[in-house]
Amino acid sequence: MVVKVGIAKLGNIASGVMGELLLDERADREDMITFMATSGTKLQPEDIDRVVSNMKAWGPDFCIVVSPNGILPGPTKAREDLAAAGIPCIVITDDVTTKKEQFEALKASNFGYIIMKADAMIGARREFLDPIEMADYNGNLVKVLAITGAFRKMQLELDKVIDQVKAGKKGADLALPKVVMTSDKAVEGEFSNPYALAKARAAYEIAQSVAGVNVKGCFMTKEWEKYIPIVSSAHEMMRQAMYLCEEARELEKAMDGVIRKPHKKTGEIVSKTKLISKPE
């Protein structure tokens, strides 16, 4: 069978940039198809309603709802409306674990979730953030999430759900992921060189802390002379995290130990470490 995977992208986080691409990196899988509906940059009710309507019309076997601050009313209503239509939902969002009451409610719900703790808020101040700064920041963040292992763990969790649908499960029978992507979980099993692992773990920890700096600069500091250096420093932190990830990967390359786990056309995941070898 061909599994239909819906992706409802509400606003933007770096995990949403790569969501469907991680599931079909060479666009040759024959066991699944994806459909993305997006609200663009906005989280207004009319934008979210448009996404939900299109997703219902397509009728996926399950839906991934990606958004910043996934416990906000808009993203919450989106997944509730999809669930009411019989579509199982997995929430992918940035770190909402600090909002204790709302996170406990999400944990207790029937929704799956993957909390990407390092998918940190951007420094969204007009005096600092222009389109190029935005793109540069997201490029650095995508590299951090990729090389630390966070993206691989996210992809594997989603592939598990696809495999369940292929096995005949549907609706409430699906076991959906409930994952908080910490630094330890991200780097687990990703590196053969302990120094590479340490650098990647450091990068993830730095990326996690970027959100707190940007919250201070965007919401807690009123004077522009003060908040511009704050948000700029947060972006410099993400840049350094990216450099640590590049160093980690170069160490793995030097040992000919980079782990590669491509999909076959059937959706099966194979693996290899030696560059000049075939994945098995």
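This text gives an overview of the structure that appears in the document. The written sequence of each chain sets the order in which its residues are numbered from 1. Where totals are concerned, whole chains, interfaces and linings use all residues; where local detail is concerned, this predicted model gives features only for residues with pLDDT of at least 70, and gives and counts side-chain atom pairs only at 80 or more. Water and hydrogen atoms were dropped before computing side-chain values, which therefore reflect all heavy atoms in the structure.

A separate point is unusual backbone geometry. Leave glycine aside and you will find that most residues have negative phi; peptide bonds, for their part, are mostly trans. One non-glycine residue, A27, lies in positive phi territory at about 55°. A27 sits in the exposed class, given a relative accessible area of 66%. Look at N69: it is not a glycine, yet its phi comes out positive at around 45°. Tracing the sequence through the fold places N69 in the loop between β3 (62-66) and α3 (73-84). Each residue is placed in one exposure class: buried if its accessible area under a 1.4 Å probe, protein chains only, is under 20% of its type's maximum, exposed if it is over 50%, and partly exposed if it falls in between. For N69, a relative accessible area of 21% gives the class partly exposed. Runs of H or I in DSSP of at least four residues are treated as helices and runs of E of at least two as strands, each being numbered from the N terminus.

Moving on, we get to the packing of aromatic side chains. Centres within 6.5 Å make a pair out of two Phe, Tyr or Trp rings, where for Trp the six-membered ring is used; the pair is then stacked when the planes are under 30 degrees apart, edge-to-face when over 60, and tilted otherwise. Tallying each qualifying case throughout the model produces two aromatic pairs. Ring geometry for F35 against W58: centres 5.3 Å apart, planes inclined by 35°, an arrangement best described as tilted. In this pair, F35 sits in strand β2 (residues 32-38) while W58 sits in helix α2 (residues 45-58), placing the two residues 23 residues apart along the sequence. Between F103 and Y113, the aromatic rings sit 5.8 Å apart at their centres with planes inclined by 70°, giving edge-to-face as the arrangement. On the criterion of sequence distance, the pair formed by F103 in helix α4 (residues 100-108) and Y113 in strand β5 (residues 112-116) is long-range, its members being ten residues apart. By relative accessible area, F103 is classed as buried at 8%. By the criterion adopted, a ring carries a charge over it if an Arg CZ or a Lys NZ lies within 6 Å of its centre and within 35 degrees of its normal. The lysine or arginine in question, R125, covers the ring of Y227, its NZ or CZ lying 3.6 Å from the ring centre.

This next bit is on the sheet that holds strand β4 (residues 89-93). Spatially, β2-β1-β3-β4-β5-β6 is the arrangement adopted by the six strands of the open sheet, whose pairing is parallel. In this open sheet, the two edge strands, each paired with only one partner strand, are β2 and β6 (178-181). Direction aside, the axes of adjacent strands within the sheet are offset by 15° on average. Summarising the sheet, strand β1 (residues 3-9) and β3 pair through five bridges and their orientation is parallel. Opposite K9, over in β3, you have V66 as the bridge partner. Two strands qualify as a pair provided DSSP detects at least 2 bridges between them. A fitted line through C-alpha atoms represents every axis, and for helices the fit uses only the stretch in contact; the resulting angles, taken between N-to-C directions, go from 0 to 180 degrees.

Once that is clear, we can look at a nonpolar patch on the surface. A residue counts toward a patch only above 30% relative accessible area and without a salt bridge, and it is joined to like-charged neighbours within 9 Å or, for Val, Leu, Ile, Met, Phe, Trp and Tyr, to nonpolar neighbours within 5 Å. Throughout, the Shrake-Rupley method with a 1.4 Å probe supplies accessible areas, and for residues the shown protein chains are the sole cover considered. Think of a salt bridge as a Lys or Arg side-chain nitrogen and an Asp or Glu carboxyl oxygen that are within 4 Å of each other. Where nonpolar side chains cluster on the molecular surface, the patch consists of V215, F219 and M220 and spans about 320 Å² of accessible area. As for its position among the elements, M220 is in helix α8 (residues 194-220). You can call M220 exposed: its relative accessible area is 61%.

Bringing the pattern of salt bridges into the picture now. If you walk through the whole model with that rule in mind, you get 19 salt bridges. Between R26 and D28 there is a salt bridge, with the nearest N and O atoms lying 3.7 Å from each other. According to the relative accessible area criterion, R26 is partly exposed, its value standing at 43%. Counted as one network, the salt bridges with shared partners bring together R29, D31, D159 and K166.

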